[in-house]
Amino acid sequence: MKNFNFKSAANTKEAKKLVKGRAIFLAGGMTLLPAMKLRLAAYTDLINIKKIKGLSGIKVSSKSTKIGATTTHAEVAASKEVGKSIPSLAVLADGIGDPQVRNRGTIGGSIANNDPAADYPSACLALNATIHTSKRKISADKFFTGMFETDLKKGELIETIEFEVPEKSAYAKFPNPASRYAIVGVYVAKLKKEIRVAVTGVESCVFRCKKLEQALSSNFSPSAIDNVTISSKGFNTDIHASAEYRAHIIKVMAKKAVSSC
Ligand SMILES: Cc1cc2nc3c(=O)[nH]c(=O)nc-3n(C[C@H](O)[C@H](O)[C@H](O)COP(=O)(O)OP(=O)(O)OC[C@H]3O[C@@H](n4cnc5c(N)ncnc54)[C@H](O)[C@@H]3O)c2cc1C
């Protein structure tokens, strides 16, 4: 942790040039710095991307809401534009961690990190997001590949996350009372062409729950969830909840989300 160079990139071109060898991008530092302090990770150079103009900010149109990678959770939570276009996204951002985490942590850092219990990955999947990077566009369905794993290549910088504006949507989270990470989080979105339900906190990686999607496609109401059976096979068991308990809570959170759509 103690020996590293700190460099600030002025633009994306410079960031790309600086991130060589064992260098890594630094956004809010809310995950990267604790990992380095605990000696779980070590890097020679931290490349601060928070000074890059254009990487932060929110743009809303009738079809999509675009959020720059270094936009903080507090900014998304307080945004009137997000509150109007996708209120559930502002609610999600407001429920992340504590005020310190919300004021430092960024949306780009959250999805690049892909913690199995993070909130934003579920929003990306449910809202059919497109992740714009320094190299390409990646659909959310292909972006989250495993526990703390994404499709990002070495040195690839997330620039913007583009969310489809849904007809209706809601996020319901059963949070860990200490960290606020999701023990179970369910994001339900009624999009123009389909219904998507994404689940976080339950497996090693966020996933779409096809059974809930099918049930809600024929009847978009909480009662449609009653007859859905969720198997706990492959679900996490830890000190907070057993796999069976998580399977039960998925239905409870899904009903809560549909009720508040
Ligand atoms: C006490 C605590 C409680 C928390 N509670 C929650 C919670 O309830 N819900 C939740 O979802 N999260 C929670 N978090 C996580 C937090 O929300 C941050 O989003 C997360 O830590 C990462 O964002 P960051 O900006 O701090 O990224 P950093 O820590 O700076 O970076 C994390 C990783 O992402 C990479 N990265 C960052 N930005 C980019 C980019 N633009 N392009 C490519 N790679 C990039 C970095 O290189 C690094 O590998 C919590 C964190 C803490 C410390």
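For the structure itself, consult the block above.
Residues numbered from 1 in each chain as written. Predicted model: local features only at pLDDT ≥ 70, side-chain atom pairs only at ≥ 80, totals over all residues. Heavy atoms only, no water.

(A) Summary view of the overall build of the protein chain. A tally of helices and strands in the protein chain yields 11 helices and 14 strands. For 261 residues, the compact-globule estimate of 2.2 N^0.38 gives 18 Å, and the C-alpha radius of gyration of the protein chain, at 18 Å, lies within 12% of that figure. By principal-axis analysis of the C-alpha atoms, the protein chain measures approximately 55 × 45 × 30 Å. The buried share of the protein chain, reckoned over its 261 residues, is 50%. A separation threshold of at least 6 residues defines the contact pool for the protein chain, and within that pool the share at least 24 residues apart is 58%. (Helix = DSSP H or I, 4+ residues; strand = E, 2+ residues; numbered from the N terminus. Rg over C-alpha atoms; globule rule 2.2 N^0.38 Å. Buried < 20%, exposed > 50% of the residue type's maximum accessible area, 1.4 Å probe, protein only. Contact = heavy atoms within 4.5 Å.)

(B) Region of the structure containing the layout of surface pockets. The space that makes up the largest pocket amounts to roughly 1,300 Å³. Thr31, Leu32, Gly109, Ala112 and Asn113 are, among the 45 residues lining the largest pocket, the residues nearest its centre. The element contributing the most residues to the lining of the largest pocket is helix α7 (residues 107–113), with 5 residues. (1 Å grid on protein atoms, 1.4 Å probe; cavity = no way out; pocket = protein on both sides within 12 Å on 5 of 7 lines; lining within 4 Å. Points joined across faces, edges and corners; volume = space filled by probe spheres on them.)

(C) Just unusual backbone geometry, in detail. The backbone of Arg39 sits at a positive phi, close to 60°, despite the residue not being glycine. The class for Arg39 is exposed, based on a relative accessible area of 60%.

(D) Highlighting helix α11 (residues 243–259). Given a rise of 1.5 Å per residue, 17 residues ought to cover 24 Å, and the 25 Å separating the end C-alpha atoms of α11 matches this to within 8%. All of the buried residues along α11 are Ala243, Arg246, Ala247, Ile249, Ile250, Met253, Ala254, Ala257 and Val258. For α11, the arc enclosing every buried residue in end-on projection is 170°, short of the 170-degree limit, so these residues lie on one face. Of the exposed residues in α11, those oriented more than 90 degrees away from the buried face are Glu244 and Ser259. Contact partners of the buried residues in α11: β11 (168–175), β12 (182–190), β13 (195–200) and α10 (210–218). (Expected span 1.5 Å × (residues − 1). Arc of directions from axis to C-beta.)

(E) Main features of the sheet that holds strand β2 (residues 23–26). Read from one edge of the open sheet, 3 strands run β1-β3-β2, paired in parallel fashion. Every other strand in the sheet has two partners, leaving β1 (5–8) and β2 as the edge strands with one partner each. This sheet shows a mean twist of 25° between the axes of neighbouring strands, independent of strand direction. (Pairing = 2+ DSSP bridges. Axes fitted to C-alpha atoms, helices over the stretch in contact; angles between N-to-C directions.)

(F) Main features of α10. Those residues of α10 not exposed but buried are Leu212, Glu213, Ala215 and Leu216. Across the axial projection of α10, the buried residues extend over an arc of 165°, all falling on one side. What points out from α10, more than 90 degrees from its buried face, is the exposed set Gln214 and Ser218. Taken together, the buried residues of α10 touch β12, β13, β14 (207–208) and α11.

(G) Fine view of the pattern of salt bridges. Throughout the structure, instances matching the rule amount to 13 salt bridges. The closest approach of N and O atoms between Arg196 and Asp141, which form a salt bridge, is 2.9 Å. In this pair, Arg196 sits in strand β13 while Asp141 sits in helix α9 (residues 140–143), placing the two residues 55 residues apart along the sequence. By relative accessible area, Arg196 is classed as buried at 4%. (Salt bridge = Lys/Arg side-chain N within 4 Å of Asp/Glu carboxyl O.)

(H) Inspection of the pairing of strand β3 (residues 45–48) at higher detail. Neither face of β3 is left uncovered, since the one carrying Asp45 and Ile47 and the one carrying Leu46 and Asn48 both have all their residues buried. With 4 bridges joining them, β1 and β3 adopt parallel strand pairing. Residue pairing in the sheet places Phe6 in a bridge with Leu46 of β3. Two elements, β2 and β3, share 4 bridges in a ladder whose sense is parallel. Residue pairing for β3: Phe25 is matched across the bridge by Ile47. Following the chain from β2 across helix α2 (residues 32–37) to the adjacent parallel β3, one finds a crossover that is right-handed. (Right-handed = clockwise from strand over helix to strand, strands pointing away.)

(I) Highlighting the nonpolar core. Within the largest apolar cluster, 35 residues are counted, with the highest numbers of intra-cluster contacts made by Leu89, Ile111, Tyr120, Phe144, Phe163 and Tyr187. Within the residue set of this core, elements represented by two or more residues are α5 (87–94), α7, α8 (120–126), α9, β10 (158–164) and β12. It is α8 that provides the largest number of residues to this core, a total of 5 residues. Among the nonpolar cores identified, the runner-up in size contains 30 residues, and Ala172, Ala247, Ala257 and Val258 belong to it. (Core = buried A, V, L, I, M, F, W, Y, C linked by side-chain atoms within 4.5 Å.)

These figures come from the coordinates and say nothing about function on their own.
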